[in-house]
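What follows is the residue order along each chain.
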Amino acid sequence: LMADTGQPLLTHVVKGAGGGGGFGGGSSRLSASQLKAQAKGHVSTFREQGVVRLDQVLTKGTATALRQHLYDYRVESETLVREGTIRPIDRFADVLLKTNRCDMPIPLGTELIAQALSEVLLQSPVGAMVSALLGPQAVLYELSCLMSDPGSQRQVVHPDNPYLPEQTDPTLVTCFIALQDITLDMGPTTWIPQTHTPEMHALFQQEQSTHPQKESPKDALLRTQPSVLGMLPQGSCGIYDSRLLHCGGANQSTTSRALFYVSFKNPHVGYPGNPGSLRSELQGQWTLQELQKELKKFVKGKPSERLIIPSSSSNE
């Protein structure tokens, strides 16, 4: 029902705060104060719109290496499942419309994953944004990769979580990071800004029309509310409120689309209404503050075994 209202999600630039991304144009890394200043500006738009684009939260080198690593891990996982060695749930999470699409929770333990997380959570404004929105005790709720292969169909529009009564702050903050350039024919994520409110959720749930010849409130919302498309360059992200209406598009290209993503849960919320795509050994084990502390040790060359496992056991 959605009309052609979708426009590309544009980079959000905070004026006077040291640039618009994490690794821009060969410039030096942003200081902690610059990251906080950027995050403050991004948070204001995030609260209003429900989604913000940040560029270069991963370096191209890390994004390219991570993409290859995760596709190799997928092949390994699919082989083990096919052989009956492991159950599908041991490597894959539920995802809306599974044909040619998968959601694969990622284990910690390798230097590559630690490097990617350090770039996102320490060296870009993402970590400071999550802290400003949910506090340093925000709980790691998802660490996964969505892969949409050629031939995958468009998902129905949905929120990841319902709007909880009296819960004005986000339930989850989710960061989708492109591991390759995402073009229109690859089926980029569609977000519908400003639909992360109780009023919009009420309309979205009204599927029946009050008059035989009139459209339902839900259909009217989907037809008229402008949307944005996650046509993201490699290493850039869309960070969004999980209550925002969105969907994955149909991949009509010849290239699989991969999104590395991480979500943090509001520490004042119990079960948010939807299970997180997170490996069982990580569930409830990390706060943002704890993860950033361990990542800082990694950056200094002194990682603990909680983050880097010195054996192949991290892939089991």
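This text follows the structure it describes.
Residues numbered from 1 in each chain as written. Predicted model: local features only at pLDDT ≥ 70, side-chain atom pairs only at ≥ 80, totals over all residues. Heavy atoms only, no water.

Novice: Just give me the short version of the sheet that holds strand β7 (residues 228–229), but keep the residues and values in it.
Specialist: Ordered by their spatial adjacency, four strands build an open sheet running β1-β7-β6-β9, and the pairing between neighbours is mixed. If you trace the sheet from one side to the other, it starts and ends with β1 (7–8) and β9 (246–247), each paired once. When strand β6 (residues 190–191) meets β7, the two strands line up antiparallel, connected through two bridges. For W191, the partnering residue across the bridge sits in β7 and is V228. (Pairing = 2+ DSSP bridges. Helix = DSSP H or I, 4+ residues; strand = E, 2+ residues; numbered from the N terminus.)

Novice: Got a sec to walk through helix α7 (residues 288–299)? Specific residues and values, please.
Specialist: If you check α7, its first and last C-alpha atoms are 16 Å apart, about what twelve residues at 1.5 Å a residue would give, namely 16 Å. Within α7, the full set of buried residues consists of L288, L291, Q292, E294, L295 and F298. Along the axis of α7, the buried positions cluster into a sector of 165°, meaning they face one direction only. Buried residues along α7 sit against α3 (111–121), α4 (126–134) and β10 (257–265). Immediately beyond the C-terminal end of α7, within one or two residues, lies G301, with a positive phi of roughly 85°. (Expected span 1.5 Å × (residues − 1). Buried < 20%, exposed > 50% of the residue type's maximum accessible area, 1.4 Å probe, protein only. Arc of directions from axis to C-beta. Contact = heavy atoms within 4.5 Å.)

By themselves these figures say nothing about function.
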